[in-house]
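This is what each chain is made of:
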Amino acid sequence: DDYNGTLVRSEYSCVTLGQEDADAYPEMAQVLRQIAAAQENAMLDEFSILATTAREEFAANRDGFETYTSLLNVQVRRADSVVVSLLSDSYLYCGGVGNYRALHGSNYDPESGKMLELKDVVKEINGDLALAVQEELTGHMWTGDFYSESAVEDYFTSMPDDGICWTVDYIGVTFYFAPGDLCDEGAMTATVSFAEHPELFNEKYMTAPTAYTVELPQDISFFTQLDGDSALEEIAVSGLY
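Everything in this summary refers to the structure shown in the same document. Just so it is clear, the model here is predicted, and its values are computed rather than measured. (Residues numbered from 1 in each chain as written. Predicted model: local features only at pLDDT ≥ 70, side-chain atom pairs only at ≥ 80, totals over all residues. Heavy atoms only, no water.)

**Digging into the packing of helix H4 (residues 127-138) against helix H5 (residues 151-158)**
Then, in step 1: Between H4 and H5, whose axes approach to 9 Å, the crossing angle comes to 135 degrees. It follows that H4 is oblique to H5 by the angle criterion. The two elements H4 and H5 cross, and the hand of that crossing is right-handed. Here Gly127, Leu129, Ala130, Val133, Gln134 and Leu137 of H4 come into contact with H5, specifically with Val152, Glu153 and Phe156.
Then, in step 2: For the contact of H4 with H5, the residue count by class is six nonpolar, two polar and one charged. (Axes fitted to C-alpha atoms, helices over the stretch in contact; angles between N-to-C directions. Helix = DSSP H or I, 4+ residues; strand = E, 2+ residues; numbered from the N terminus. Parallel < 35°, antiparallel > 145°, perpendicular 65-115°, else oblique. Left-handed = near helix turned anticlockwise from the far one by under 90°. Contact = heavy atoms within 4.5 Å. Nonpolar A, V, L, I, M, F, W, Y, C, P; charged D, E, K, R; others polar.)

Below you can see the structure in the form of structure tokens.
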């Protein structure tokens, strides 16, 4: 089409178990294979739609056209005999239409392969949890204003369990808030640590190794313990195109 650039860029990743772990956790392995297949099919279908739309846009606006981009990065937040926790980071850009980013956490029991609910990990989804989350959000770099003094508590009260985005890390449970969930600011994260709030969590999920590796999502704060002072440090990774 006499176009030296790229009409559509699509990249995606999936998570499956290696053969040794698949033999040890066959139900979990099957679930992850099914999820990976569904994600791949969805990305391929989306690519086909984007390609058709991009050709039409390029034909109509050759000089102003920008590459359509679709990304899906599935990251492992925790994987052991207690829990498998995944974070799906989706990004879509369609030129002048704008961009869209969404995070989705999914957490599984490795023995059965069944998805965990927040109430399986947190003893009670109540004001104590909301207060701990609020303290984490306001105790680091963010100094903005919530929609109201009770915005965090209202979120947990009104949001269905399956609408809350969360993952189980080695430090604690991390909650991900989209722009507009709590305030007019951008996306925010809060990690409520097992060490600081042991009364909030079921003991099963609080056992974690002392050393681990975790991939960090771009432009989303991640909190972990680095220097032994009992306070969580904030790490943020930013990329430039």
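Past the structure itself, the notes keep going.
**A word on the sheet that holds strand E6 (residues 172-177)**
What links the strands of a sheet is backbone hydrogen bonding, and the strands pair in either a parallel or an antiparallel sense.
Then, in step 1: Read from one edge to the other, the open sheet built from three strands follows the order E5-E6-E7, with strand pairing classed as antiparallel. Two strands in the sheet have a free side with no partner beyond their single neighbour: strand E5 (165-168) and strand E7 (188-193). Neighbouring strand axes in the sheet, compared pairwise and without regard to direction, differ in orientation by 20 degrees on average.
Then, in step 2: Bridge analysis of E6 against E7 gives six bridges, and the strand direction is antiparallel. Looking at E7, one finds that Phe175 is bridged to Ala190. (Pairing = 2+ DSSP bridges.)

**A look at the packing of aromatic side chains**
Then, in step 1: Applying the stated criterion across every chain yields a total of seven aromatic pairs.
Then, in step 2: Ring centres 5.4 Å apart and planes at 90 degrees place the aromatic pair Tyr155 and Phe156 in the edge-to-face group. One exposure class covers both Tyr155 and Phe156, and it is buried.
Then, in step 3: The interplanar angle of 90 degrees and the centroid separation of 5.0 Å between the aromatic rings of Phe194 and Phe201 together place this pair among those described as edge-to-face.
Then, in step 4: Taking relative accessible area as the criterion, Phe194 reaches 6% and is therefore assigned buried.
Then, in step 5: Three or more aromatic residues link up through ring pairs in this structure, and these residues are Tyr155, Phe156, Phe175 and Phe177. (Phe/Tyr/Trp six-rings, centres within 6.5 Å; stacked < 30°, edge-to-face > 60°. Buried < 20%, exposed > 50% of the residue type's maximum accessible area, 1.4 Å probe, protein only.)

**Section: H4**
The periodicity of an α-helix, 3.6 residues per turn, causes residues three or four places apart in sequence to face the same way.
Then, in step 1: For H4, built from 12 residues, the straight-helix expectation of 16 Å at 1.5 Å per residue is met to within 8% by its first-to-last C-alpha distance of 16 Å.
Then, in step 2: Of the positions making up H4, those classed as buried are Leu129, Ala130, Ala132, Val133, Glu136 and Leu137. Angularly, the buried residues of H4 cover 160 degrees about the axis, an arc narrow enough to put them on a single face.
Then, in step 3: Of the residues flanking the start of H4, the one acting as N-cap is Asn126, its side-chain oxygen 3.1 Å from the backbone nitrogen of Asp128. (Expected span 1.5 Å × (residues − 1). Arc of directions from axis to C-beta. Polar contact = N/O pair within 3.5 Å; in protein donor to acceptor, adjacent residues only side chain to side chain.)

**With respect to the side chain of Thr174**
Then, in step 1: Position of Thr174 among the secondary structure elements: in strand E6.
Then, in step 2: Given a relative accessible area of 2%, Thr174 falls into the buried group.
Then, in step 3: Not counting the four nearest positions on each side in its chain, Thr174 is found in contact with Cys165, Trp166, Thr167, Asp169, Thr189, Ala190 and Thr191.

**Quick look at H5**
Then, in step 1: Taken as a whole, H5 has its buried residues at Ala151, Val152, Tyr155 and Phe156. With its buried residues spanning 135 degrees around the axis, H5 presents them on a single face. Along H5, exposed side chains directed more than 90 degrees from the buried face belong to Thr157 and Ser158.
Then, in step 2: Close packing links the buried residues of H5 with H4, E5 and E6.

**Some words on the sheet that holds strand E2 (residues 68-79)**
Then, in step 1: An order of E1-E2-E3-E4 is seen for the four strands of this open sheet, with the pairing classed as mixed. What marks the edges here is a single partner per strand, and that holds for strand E1 (8-12) and strand E4 (99-108). Each strand axis lies, on average, 10 degrees off the axis of its neighbour in the sheet, ignoring direction.
Then, in step 2: Of the strand pairs in this sheet, strand E3 (residues 84-93) and E4 are connected by 10 bridges, and their pairing is antiparallel. From the neighbouring strand, Tyr91 faces E4, where its bridge partner is Arg101.

**Some points on the side chain of Asn107**
Then, in step 1: Its place among the elements puts Asn107 in strand E4.
Then, in step 2: At 3.3 Å, the side chain of Asn107 forms a polar contact with the backbone nitrogen of Val168.
Then, in step 3: In this structure Asn107 touches Val83, Val84, Ser85, Lys114, Met115, Leu116, Trp166, Thr167 and Val168, once residues within four positions along its chain are discounted.

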